[in-house]
Amino acid sequence: MKKVNILVACGSGVATSTVAADEVKALCKENDIHFSLNKCSMVELPTQSQNADIVLTTNNFKGELDVPVMSIMGFVTGINEAKLKKTLVEKLQEIQHA
């Protein structure tokens, strides 16, 4: 089983990404997913994503990256959070077992 390199991005790389990253860490621990997690701003995404297996954002990202990109704004707003958790865990497990 490999370690999943997760990159969490928000506008500044500080505020909402921290809230969302805490949720992601808890989910990984609950589901026995081995991970490393870094945070960055949306501007840093193209360079920072080169070391990531998946990029999770709290903003809308319209660019192209070589890794899967998923919005996790629901962890900040609470909207559709249960569905988001389920989808994210499935994706992380898929990456871990790839």
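These lines cover the structure that appears in this document, whether it is placed above or below. Computed from a predicted structure; not experimentally measured.

Its place among the elements puts Ser17 in helix α1 (residues 15–30). Setting aside residues no more than four positions away along its own chain, Ser17 makes contact with Val8, Ala9, Cys10, Lys39 and Thr58.

Further remarks concern the sheet that holds strand β3 (residues 54–57). Ordered in space as β2-β1-β3-β4, the four strands form an open sheet in which the pairing is parallel. Only two strands of the sheet have a single neighbouring strand rather than two, namely β2 (35–41) and β4 (69–71). Pairwise comparison of adjacent strand axes, ignoring direction, gives a mean angle of 25 degrees for this sheet. Sheet topology note: the strand β1 (residues 4–10)/β2 ladder contains seven bridges and is parallel. Considered in β2, the bridge of Ile6 is made with Leu37.

Further remarks concern α1. In a regular helix each residue adds 1.5 Å, so 16 residues correspond to 22 Å; α1 covers 24 Å between its end C-alpha atoms and thus fits that length. For α1, the full list of buried residues reads Ser17, Ala20, Ala21, Val24, Leu27 and Cys28. For α1, the angular spread of the buried residues around the axis is 125 degrees, confining them to a single face. The exposed residues of α1 that point more than 90 degrees off its buried face are Ala15, Lys29 and Glu30. Tucked into the core, α1 has its buried residues touching β1, β2, β3, α3 (74–77) and α4 (81–96). With its phi angle positive at about 55 degrees, Asp32 sits one or two positions after the end of α1.

Procedures and definitions
- Residues numbered from 1 in each chain as written.
- Predicted model: local features only at pLDDT ≥ 70, side-chain atom pairs only at ≥ 80, totals over all residues.
- Heavy atoms only, no water.
- Helix = DSSP H or I, 4+ residues; strand = E, 2+ residues; numbered from the N terminus.
- Contact = heavy atoms within 4.5 Å.
- Pairing = 2+ DSSP bridges.
- Axes fitted to C-alpha atoms, helices over the stretch in contact; angles between N-to-C directions.
- Expected span 1.5 Å × (residues − 1).
- Buried < 20%, exposed > 50% of the residue type's maximum accessible area, 1.4 Å probe, protein only.
- Arc of directions from axis to C-beta.

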